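# Close look at the chain arrangement
Each chain, written out:
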Amino acid sequence: MKKSVFLGALTVAGLAASWATAGTLDDVKAKGFLQCGVSTGLVGFAAPDANGNWAGFDVSVCRAVAAAVLGDPQAVKFTPTTGKTRFTALASGEVDMLARNTTWTFTRDVDLKFTFDGVNYYDGQGFMVPKSLGVSSAKELDGATVCIQTGTTTELNLADFFRSNNMKYEPVPIETNAEAQQQFLSGACDVYTTDRSGLAATRAAFEKPGDYVILPETISKEPLGPLTRQGDDQWSDIVRWTLNALISAEELGITSANIDEMAKAKTKNPEINRILGTAGDLGGMLGLDKKWAYRAIKAGGNYGELFEKYIGEKTAIGLARGLNAQWKKGGLIYSPPFR
Amino acid sequence: MTAISDNEPRAAFRLSMLIYDTRYRSLTIQVVAMVLFMLGAGWLISNAAANLAALGKPLSFGFLSQPSGYDINQHLIAYNSQMSHARAALVGLLNTLLVSVMGCVSATIIGVFIGVLRLSKNWVVSRLAAFYIEGLRNVPVLLWIVLAMAIFIETLPAPRAFRGANPSATMYLDNMVAFTNRGFYIPKPVFHSGSWLVVLVFFLSLVGIVVFGRWARKRFEDTGQLLPTFWIKLGIFFIPAILFYFIMGHPITLDYPALKGFNFKGGFHLRNSLIALWLALSFYTATYIAEAVRAGIQAVSKGQTEAAYALGLRPTRTTQLIILPQALRIIIPVLISQYLNLTKNSSLAIAVGYMDITGTLGGITLNQTGREMESLMLLMAAYLVISLSVSSVMNWYNNSVKLKER
């Protein structure tokens, strides 16, 4: 029995690995849909709405890729993954790409054999506490009980932060964001820690968001972005340049409102023409058609539109652009040129 | 035999005999099956190895000596985030063993108790026991674990409820015990100088109990006189140690938990993840043990009881001397598999955030290092070793109680 289970595991690993080596673009085209790994539910980034349609900032990246490759932003199937299951899901070929608040780190890029295709949100780890606790700085958290999602970089940052500040803490490992909320709200832990965007999104879903504060300290750099398997450069390029197209579109003023007009005929700006396929054939170089970026941008709008729609200041999550403003406005969002 | 076969004309061996001759056929089938099995296994292993190599991840256990980088809340041995992944796995293994041992002990006690109640002549009692058994064991144990945890988190007060002049929650037993939604805090004994003598006396009295038991048994067999052994043993257990405790001037004190800062400090902290897992596993497994106990007792023929009564034995001694020794033969093999089940079910710990070996080696370590194959192989090997050890110990015990056929 033991042996057969072991062999079964070997088979799965063997088969999964052999799928992973096939060309992902051809796979996706043959399937007719994109299999996208997202989080198990983080309002604003990836969460199903009342009708079961996934929506959010991360989800939009998947939809843009689906629009670019397949011509239909709805041709996406979503696989909810936890912090623990996401890498196995991607490495085994269960999903074609991962857009799930995943931090770009050296070991994930090099040792886990993934390719990070850019950054769609510059984040950092923070702490959320109930106001009634009367804490105003993370340095005052000595001896606190901290809820933490297991299998994430936050776990390692947390250990480092408390160690370097000579403080003790009691980690309470938790599998999903929803379970963390339950424990945090009932007071089973004093502090909830994850990326600041995640904290803001989680707090927005609380009954009384005003009773909780996010402490000012940011204890880590968390560049979050979509990732793909290493070794399939064509597919990685498609995901990377789809994201870049969304970013460039904001920089160049291409919006979902004016894109049809701009794409009708050549504009005065040659870069816009190249992006929208009215000049040159950048799409052909990717193995796609000329209108790929047009469809990607039209799917949900440019980077700035997506930001405002799902996580911006007017939404319940209320995140300021901050580091995620365009480079011309003092942020870090910057796309290499389309030429 | 040899004489007969020598006389028979021995046909020359032909290849077709491998299939048509019953003497060789079963051998042929076994060889073919073996070769196919080895080929299949070899193919799977080489395929997995080749694909892992193609992914650039050849099998390697070097990650075990790297610093783990994460903290574990419950560690029975010294541990911090700068220690290796191997150490983290060991911490997890000890946590697995802790909850398994606690679970096996309490499941046995509850199981035997319920199993006996199930046989009660009182209709209400036996129905209640049946209701408990059928109700619990027909729901997956994962749900019981999650339910137990949810009850702890939602119904018990947070530590901050104990604060202030008019706290909404209070400690129990003269401020010795606190039940919070982070776990139970109980006093911890602190050993001062001179306490070793008390501990020594306590262990000596344990030895004394065994010696006395043997002596009383021998006396009973020689003279037929029964002593009230239970009360005497109880006396040996308590009196000398308590006496020495006072003679040495209270060398052992209790460290009470007290609310300091965010949490209770001092005393033992039994995390609610441990308690939830332990309770759910023991109550769930107890249902199976109860059924095994009931079946074992019922399997002893009624004639045995009647014969014992006819010899003038009282009901309690009939149970002790006649029924239980025979019932144990039937109960123990089932008990072995229930202990194994409980140990393996403890891997559901991650549902409540209990850091067992599945949570450390098969969870965080696997995730942070990306070594799925290696971590899972080690994890399976660990469970295999635990299970085989448990069953060999239990088999040894089973051999010692089973009917000796002479």
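Residues numbered from 1 in each chain as written. Chains lettered and ligands numbered in written order. Predicted model: local features only at pLDDT ≥ 70, side-chain atom pairs only at ≥ 80, totals over all residues. Heavy atoms only, no water.

## Quick word on the overall build of chain A
A count of helices and strands for chain A gives 14 helices and 14 strands. Its C-alpha atoms give chain A a radius of gyration of 21 Å, within 12% of the compact-globule value 20 Å for 339 residues. Dimensions of chain A, computed from C-alpha atoms along their principal axes, come out at roughly 65 × 60 × 40 Å. Within chain A, the proportion of its 339 residues that are buried is 59%. (Helix = DSSP H or I, 4+ residues; strand = E, 2+ residues; numbered from the N terminus. Rg over C-alpha atoms; globule rule 2.2 N^0.38 Å. Buried < 20%, exposed > 50% of the residue type's maximum accessible area, 1.4 Å probe, protein only.)

## Concerning the overall build of chain B
Across its full length, chain B carries 13 helices and seven strands. In terms of overall size, chain B is more extended than a compact globule, its C-alpha atoms giving a radius of gyration of 29 Å where 406 residues would be expected to give roughly 22 Å. Along the three orthogonal principal directions, the C-alpha set of chain B runs to about 100 × 75 × 45 Å. In chain B, buried positions account for 38% of the 406 residues. Expressed as a percentage of contacts within chain B between residues at least 6 apart in sequence, the contacts between residues at least 24 apart total 67%. Accessible area for chain B stands at about 23,100 Å²; split by element, carbon and sulfur atoms hold 69% of it. (Contact = heavy atoms within 4.5 Å. Areas by Shrake-Rupley, 256 points an atom, 1.4 Å probe, with all protein chains shown as cover.)

## A short note on the sheet that holds strand β2 (residues 183–186) of chain B
Residues and elements named next belong to chain B. The three strands lie next to each other as β1-β2-β7, forming an open sheet whose pairing is antiparallel. One side of each edge strand has no neighbouring strand; the edge strands of this open sheet are β1 (178–180) and β7 (268–271). Averaged over all neighbouring strand pairs, the angle between strand axes comes to 15 degrees, with direction disregarded. Both β2 and β7 contribute to a ladder of four bridges, which runs antiparallel. Within β7, the position partnered with Y185 by the bridge is H269. Packing against the sheet, helix α9 (residues 272–299) makes contact with β2 and β7, and its axis sits at approximately 55 degrees to β7. (Pairing = 2+ DSSP bridges. Axes fitted to C-alpha atoms, helices over the stretch in contact; angles between N-to-C directions.)

## Examining the interface of chain A and chain B
Put simply, an interface is often sized by how much accessible area is lost when its parts join up. Each partner contributes to the interface: chain A provides 51 residues, whereas chain B provides 50 residues. Buried surface at the junction of chain A and chain B, summed over both partners, amounts to about 4,100 Å²; 58% is from carbon and sulfur atoms. There are three salt bridges connecting chain A and chain B. In this structure, the salt-bridge partner of D111 of chain A is R371 of chain B, at a minimum N-O distance of 3.9 Å. Counting only elements with at least two residues in the side of chain A that touches chain B, the list comes to α1 (2–20), α4 (86–91), β9 (144–149), α6 (153–164), β10 (169–174) and α7 (177–185) of chain A. Sort the elements by how many residues they give to the side of chain A that touches chain B and α1 of chain A lands first, with twelve residues. Within the side of chain A that touches chain B, the residues separate by chemical class into 22 nonpolar, 15 polar and 14 charged. (Buried area = accessible area lost by both parts, 1.4 Å probe. Salt bridge = Lys/Arg side-chain N within 4 Å of Asp/Glu carboxyl O. Nonpolar A, V, L, I, M, F, W, Y, C, P; charged D, E, K, R; others polar.)

## A short note on the domain arrangement of chain B
Domain annotation of chain B identifies domain 1 (13–54) and domain 2 (85–187 + 256–401). A separation of 44 Å is found between the C-alpha centroids of domain 1 of chain B and domain 2 of chain B. (Domains from an automatic or database assignment.)

## Quick notes on the state of the cysteines
Residue and element names in this part refer to chain A. A complete count under the given rule lists two disulfides over all chains for this structure. In this model, C36 is linked to C62 through a disulfide, with the two sulfur atoms separated by 2.0 Å. With the S-S dihedral at roughly -50 degrees, the linkage between C36 and C62 falls on the left-handed side. One end of the pair, C36, is in strand β1 (residues 34–39); the other, C62, is in helix α3 (residues 57–70), and 26 residues separate them in sequence. For C36, a relative accessible area of 0% corresponds to the buried category. By relative accessible area, C62 is classed as buried at 0%. (Disulfide = S-S within 2.5 Å.)

## Details of the layout of surface pockets
Residues and elements named next belong to chain B. The space that makes up the largest pocket amounts to roughly 1,400 Å³. As for the largest pocket, its lining consists of 40 residues, of which P315, T318, T319, Q320 and L324 are closest to the centre. The set of elements that each furnish at least two residues to the lining of the largest pocket consists of α4 (85–118), α7 (195–223), α8 (229–247), α9, α10 (302–310) and α11 (315–345). For the lining of the largest pocket, the leading source of residues is α11, giving 13 residues. Grouping the amino acids of the lining of the largest pocket by side-chain chemistry returns 22 nonpolar, eleven polar and seven charged. Put simply, the second largest pocket is a space of about 1,100 Å³. Looking at the lining of the second largest pocket element by element, the count peaks at four residues for β7. Grouping the constituent residues of the lining of the second largest pocket by class yields 15 nonpolar, eleven polar and eight charged. (1 Å grid on protein atoms, 1.4 Å probe; cavity = no way out; pocket = protein on both sides within 12 Å on 5 of 7 lines; lining within 4 Å. Points joined across faces, edges and corners; volume = space filled by probe spheres on them.)

## Section: the packing of helix α12 (residues 357–369) of chain B against helix α13 (residues 372–401) of chain B
Packed helix pairs are characterised by how far apart their axes lie and by the angle those axes make with each other. All names here are of chain B. Relative orientation of the contacting elements α12 and α13 amounts to 170 degrees, with a least axis distance of 9 Å. Considering their axes alone, α12 and α13 lie roughly antiparallel with respect to each other. Each of I357, T358, L361, G362 and L366 in α12 lies in contact with α13, whose residues at this interface are E372, S375, L376, L378, L379, A382 and Y383. Class assignment for the residues of the contact of α12 with α13 results in eight nonpolar, three polar and one charged. (Parallel < 35°, antiparallel > 145°, perpendicular 65-115°, else oblique.)

## Looking at the side chain of E291 of chain B
The topology assignment puts E291 of chain B in helix α9. Assessed through its relative accessible area of 13%, E291 of chain B is described here as buried.

## Focus: the domain arrangement of chain A
Residues and elements named next belong to chain A. The assigned domain composition of chain A is domain 1 (23–122 + 224–329) and domain 2 (125–220). Just the C-alpha atoms count here: the centres of domain 1 and domain 2 sit 29 Å apart. Surface buried jointly by domain 1 and domain 2 totals about 1,200 Å² across both partners, of which 59% is contributed by carbon and sulfur atoms. The tally of links from domain 1 across to domain 2 stands at zero salt bridges. Counting every contact that joins domain 1 to domain 2 gives one residue pair in polar contact (both at pLDDT 80 or more). When its residues are assigned to classes, the side of domain 1 that touches domain 2 shows eight nonpolar, seven polar and four charged. (Polar contact = N/O pair within 3.5 Å; in protein donor to acceptor, adjacent residues only side chain to side chain.)

## Brief notes about α6 of chain A
Look at α6 of chain A: 16 Å from first C-alpha to last across twelve residues, which is about the 16 Å you get at 1.5 Å a residue. Turning to α6 of chain A, its buried residues number three or more, namely T153, T154, E155, N157, L158, A159, F161 and F162 of chain A. (Expected span 1.5 Å × (residues − 1).)

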